[in-house]
Amino acid sequence: STQSRSSAASDVYKRQAIASLHDMVKLRYGARELTGFPKVQARQMLAGGHKSRFRGRGMDFDQVRIYQPGDDVRSIDWRVTARTQVPHTKIFSEERERPILVISDLRSPMFFGSQRLKSVVACEISAALAWAGLSANDRAGGLIFGQQEQMDVKPRRSHHAVLKFIHGLQDYSVKLLHLKDSDKSDTDRYSLAEILEESRRFVLPGSTLFIVSDFHDLNDDCERHLFELARHANLNFCHVFDDIEKQLPPPSLYAVSDGLHQTLLDTSNSQLRERFQQAFVDRSMRLRKMSEKLSAGLLPFNTDDSVINVLRRAYGKRRSSRRSR
């Protein structure tokens, strides 16, 4: 019947519009391949899974050298000392902790996409990064910003913390779907600048920070907050965008929909096309210049891309270009 077909189409739309809990959990397997996940120089000597350039009494053996006055006698290598008849001491590479914090922008402009919704892609990126942090034996957590509210999951070295974060991502994805039923469907409580300002209260020194957003409202206030964040954390931008944001489709009339209402989009106006394209170029260039200025990482994610493939190219195991014959 017509009613059953309409109901089925609605169910398909909802599945495509909401981040899949199953898919986000499954990303933990792909995250294990990200063996080159960012290793930054330690800012403080804490127990953790990543080596720093500091040397001291840590977890991993580094080298043996001749004993020097002031060395800890507990670190003397008695075997080498007996063999050489000269006191030698063991030197250890200090390990450090690098909490992973993922800031997920799930405001209303993210509920857009020609292939997949930016919000769904952002959820998958955020989940994969959290799993990668946990796989690297770091504490992982995140902040999720929706249209009217936010959720924080403090970084912990725990599957429960990552799963809590993932459930939050799905919940906020569902809330985006129901924006059309709200009287405030056209307003967002948070600007990007306010998101960054709020995030500064959660970032611990030495953290690795990922900001997952389309950066549509990047401005001077954002730059000020990003500068402060970069002083204490290893900053990374995950830029989520859709092909239609880069360039309007060929001149014609197109039917566009938000899942409830439908209208026509005329892309034949050449000036409109140029302004639209230039706006994306300007935003992308500003983000790139800011990443260079702050020595921050920048990863572009097209909604048509496989999230794990993009991350694998950035952080996956480097393979030799030569193949065995």
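**Quick look at helix H7 (residues 220–232)**
Every buried residue of H7 is listed here: Cys222, His225, Leu226, Leu229 and Ala230. The buried residues of H7 occupy an angular sector of 140° when projected down its axis, which confines them to one face. Buried positions along H7 lie against helix H6 (192–199), strand E7 (207–213), strand E8 (233–241) and helix H9 (270–293). Backbone nitrogen of aspartate 221 and a side-chain oxygen of the N-cap are separated by 3.1 Å at the start of H7; the cap is asparagine 219.

**What about unusual backbone geometry?**
Despite not being glycine, asparagine 137 has its phi angle at roughly 65°, a positive value. Relative to the assigned elements, asparagine 137 resides in the loop between helix H4 (118–135) and strand E5 (140–145). Backbone geometry at phenylalanine 215 places phi at a positive 55°, although glycine is not the residue there. Along the chain, the position of phenylalanine 215 falls in the loop between E7 and H7. On the accessibility criterion, phenylalanine 215 (2% relative accessible area) is buried.

**Here we look at helix H2 (residues 21–31)**
Think of an α-helix as turning once every 3.6 residues; residues three or four places apart then point the same way. Among the residues making up H2, those that are buried are Met24, Leu27, Gly30 and Ala31. The arc that holds every buried residue of H2, seen down its axis, measures 90°, which confines them to one face. On the buried face of H2, the contacting elements are H4, helix H5 (159–177) and helix H10 (307–315). For H2, the capping residue at the N-terminal end is serine 20, with a side-chain oxygen 3.3 Å from the backbone nitrogen of histidine 22.

**A word on the sheet that holds strand E4 (residues 100–105)**
Pairing within the open sheet is mixed, and its six strands lie in the order E6-E5-E4-E7-E8-E11. Looking along the sheet, the strands with just one partner apiece sit at the ends: strand E6 (150–156) and strand E11 (297–302). Between one strand and the next, the sheet's axes are offset by a mean angle of 15°, whatever the strand orientation. Pairing of E7 with E8 involves seven bridges; the strand directions are parallel. Following the sheet pairing, serine 207 is matched in E8 by alanine 233.

**Section: the packing of H6 against H7**
Running from N to C, H6 and H7 point in directions that differ by 20°, and their axes come no closer than 8 Å. The orientation of H6 with respect to H7, classified from their angle, is roughly parallel. The crossing of H6 and H7 is left-handed. Along its contact with H6, which presents Leu192, Ala193, Leu196, Glu197 and Ser199, the element H7 presents Asp221, Cys222, His225, Leu226 and Leu229.

**As for the packing of aromatic side chains**
Within a pair of aromatic rings, the relevant descriptors are the distance that separates the centres and the angle that separates the planes. The full count for this structure, using the stated rule, is five aromatic pairs. Taking 5.6 Å as the distance between ring centres and 75° as the angle between the ring planes, the aromatic pair formed by phenylalanine 215 and phenylalanine 237 counts as edge-to-face. Residue phenylalanine 215 is found in the loop between E7 and H7, and its partner phenylalanine 237 is found in strand E8; the two are separated by 22 residues along the sequence. Members of the aromatic cluster, each reached through a chain of ring pairs, are Phe37, Phe210 and Tyr315. Sitting over the ring of tyrosine 172, lysine 175 keeps its end group 4.4 Å from the ring centre.

**Notes on the environment of glutamine 148**
One can find glutamine 148 in the loop between E5 and E6. Residues glutamine 148 and tyrosine 190 lie 42 residues apart in sequence; the distance between their C-alpha atoms is 7.3 Å.

**Some thoughts on the confidence of the model for the protein**
Detailed reading of the predicted model is not advised wherever pLDDT is low. Across the protein, the average pLDDT comes to 83, with 80% of residues at 70 or higher. Mean pLDDT across the elements of the protein ranges from a minimum in strand E1 (residues 50–56), with 43, to a maximum in E4, with 97. With pLDDT under 50 throughout, residues 2–6 is counted as low confidence; its partners more than four residues away or in other chains account for zero contacts.

Quick notes on the rules
- Residues numbered from 1 in each chain as written.
- Predicted model: local features only at pLDDT ≥ 70, side-chain atom pairs only at ≥ 80, totals over all residues.
- Heavy atoms only, no water.
- Buried < 20%, exposed > 50% of the residue type's maximum accessible area, 1.4 Å probe, protein only.
- Helix = DSSP H or I, 4+ residues; strand = E, 2+ residues; numbered from the N terminus.
- Arc of directions from axis to C-beta.
- Contact = heavy atoms within 4.5 Å.
- Polar contact = N/O pair within 3.5 Å; in protein donor to acceptor, adjacent residues only side chain to side chain.
- Pairing = 2+ DSSP bridges.
- Axes fitted to C-alpha atoms, helices over the stretch in contact; angles between N-to-C directions.
- Parallel < 35°, antiparallel > 145°, perpendicular 65-115°, else oblique.
- Left-handed = near helix turned anticlockwise from the far one by under 90°.
- Phe/Tyr/Trp six-rings, centres within 6.5 Å; stacked < 30°, edge-to-face > 60°.
- Lys NZ or Arg CZ within 6 Å of the ring centre and 35° of its normal.
- pLDDT = per-residue confidence, 0-100.

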